[in-house]
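Examining the three-dimensional arrangement
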Amino acid sequence: MKIIVSNRSGVPIYEQIKEQVKAAIFSGELQEDEMLPSIRQLARDLKISVITTTRAYSDLEQEGFIANVQGKGCFVLPRNSELARENAMHKMENGLSTAIAAAKTEGITKDEVIERLKLLWEDDYE
C-alpha cells in the first residue's frame, strides 16, 4: 500500500493517512490480519513526525479498522459490514450533494431530481 501525503491539501496529514488506509481496507487492497507498516517506519517513509502517524493509527484503532498488538504491530481488523455501509452512505451523500448543488444552480426542481434518481435506479437494478 502506498500512502501519499500533501502539505498543501488543507487536510491534516494524519487525516490523509487515515483516509487512505480506510480506502485500502474498503477496496480490499489491505486484507484482514494484514500487518501495517510500523508507526516509526511509516513516519520515516513519509518524512513526517512519529506523533502524526501515531495519531492516524490511534484514530483508525478507535474507529475499529485496525488493532495495535503490543510488541507485534498494527493489523487490519475484519471488515465490519456496518463500517462498510457507513462508508458507502458517506460517499453517496457526497455525490448527491454535488448533484443537488448542480441542479439548484440550473433551476432543476427537487421533483425532477427525484424522478431522475428513480429512473437511474431502475435502469441499473432491473
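The structure under discussion appears in the preceding block.
Basis of the calculations
Residues numbered from 1 in each chain as written. Predicted model: local features only at pLDDT ≥ 70, side-chain atom pairs only at ≥ 80, totals over all residues. Heavy atoms only, no water. Pairing = 2+ DSSP bridges. Helix = DSSP H or I, 4+ residues; strand = E, 2+ residues; numbered from the N terminus. Buried < 20%, exposed > 50% of the residue type's maximum accessible area, 1.4 Å probe, protein only. Contact = heavy atoms within 4.5 Å. Patch = residues over 30% accessible without salt bridge, like charges linked within 9 Å, V, L, I, M, F, W, Y side chains within 5 Å. Areas by Shrake-Rupley, 256 points an atom, 1.4 Å probe, with all protein chains shown as cover. Salt bridge = Lys/Arg side-chain N within 4 Å of Asp/Glu carboxyl O. Lys, Arg positive; Asp, Glu negative; His and termini not counted. Charge placed at Lys NZ, Arg CZ, Asp CG, Glu CD. Phe/Tyr/Trp six-rings, centres within 6.5 Å; stacked < 30°, edge-to-face > 60°. Lys NZ or Arg CZ within 6 Å of the ring centre and 35° of its normal. Axes fitted to C-alpha atoms, helices over the stretch in contact; angles between N-to-C directions. Parallel < 35°, antiparallel > 145°, perpendicular 65-115°, else oblique. Left-handed = near helix turned anticlockwise from the far one by under 90°. Nonpolar A, V, L, I, M, F, W, Y, C, P; charged D, E, K, R; others polar.

**Some remarks on the pairing of strand β1 (residues 66-69)**
As paired elements, β1 and strand β2 (residues 73-76) share four bridges and run antiparallel to each other. Looking at the pairing, N68 lines up with C74 of β2.

**Here's the deal with the environment of G64**
By secondary structure assignment, the location of G64 is in the loop between α3 (50-62) and β1. Classification of G64 by relative accessible area gives partly exposed; the value is 26%. For the pair formed by G64 and E19, sequence separation is 45 residues and the distance between their alpha carbons is 13 Å. Discounting chain neighbours no more than four positions away, the residues touching G64 are L77 and L83.

**Some details on the side chain of D59**
Of note, D59 is situated in helix α3. Residue class for D59 comes out buried when judged on its relative accessible area of 12%. Those residues within four positions of D59 in sequence are excluded, and the remaining contacts are Y14 and K18.

**Considering a negative patch on the surface**
A cluster of acidic residues, D111, E112, E115, E122 and D123, forms a negative patch at the surface. Here E122 is to be found in helix α5 (residues 110-125).

**Describing the packing of aromatic side chains**
Taken as a whole and assessed by the stated rule, the structure comprises one aromatic pair. Ring geometry for F26 against F65: centres 5.6 Å apart, planes inclined by 85°, an arrangement best described as edge-to-face. One end of the pair, F26, is in helix α1 (residues 13-27); the other, F65, is in the loop between α3 and β1, and 39 residues separate them in sequence. As far as the burial class goes, F26 and F65 line up, both buried. When the ring centre of Y14 is taken as reference, the NZ or CZ atom of R55 above it lies at 3.9 Å.

**Quick notes on unusual backbone geometry**
In most cases, non-glycine residues show a negative phi, while peptide bonds are predominantly trans. One non-glycine residue, D33, adopts positive backbone phi at about 70°. A positive phi angle, near 60°, is found at K47, a position not held by glycine. With respect to the element layout, K47 can be found in the loop between α2 (39-46) and α3.

**Comments concerning the packing of α1 against α3**
The contact between α1 and α3 brings their axes to 8 Å, and the two run at 45°. Our classification of the angle between α1 and α3 gives oblique. Crossing hand, α1 versus α3: right-handed. Facing I13, Y14, I17, K18, V21 and K22 of α1, the residues of α3 in contact are T52, T53, R55, A56, D59 and L60. Taken together, the residues that form the contact of α1 with α3 break down as six nonpolar, two polar and four charged.

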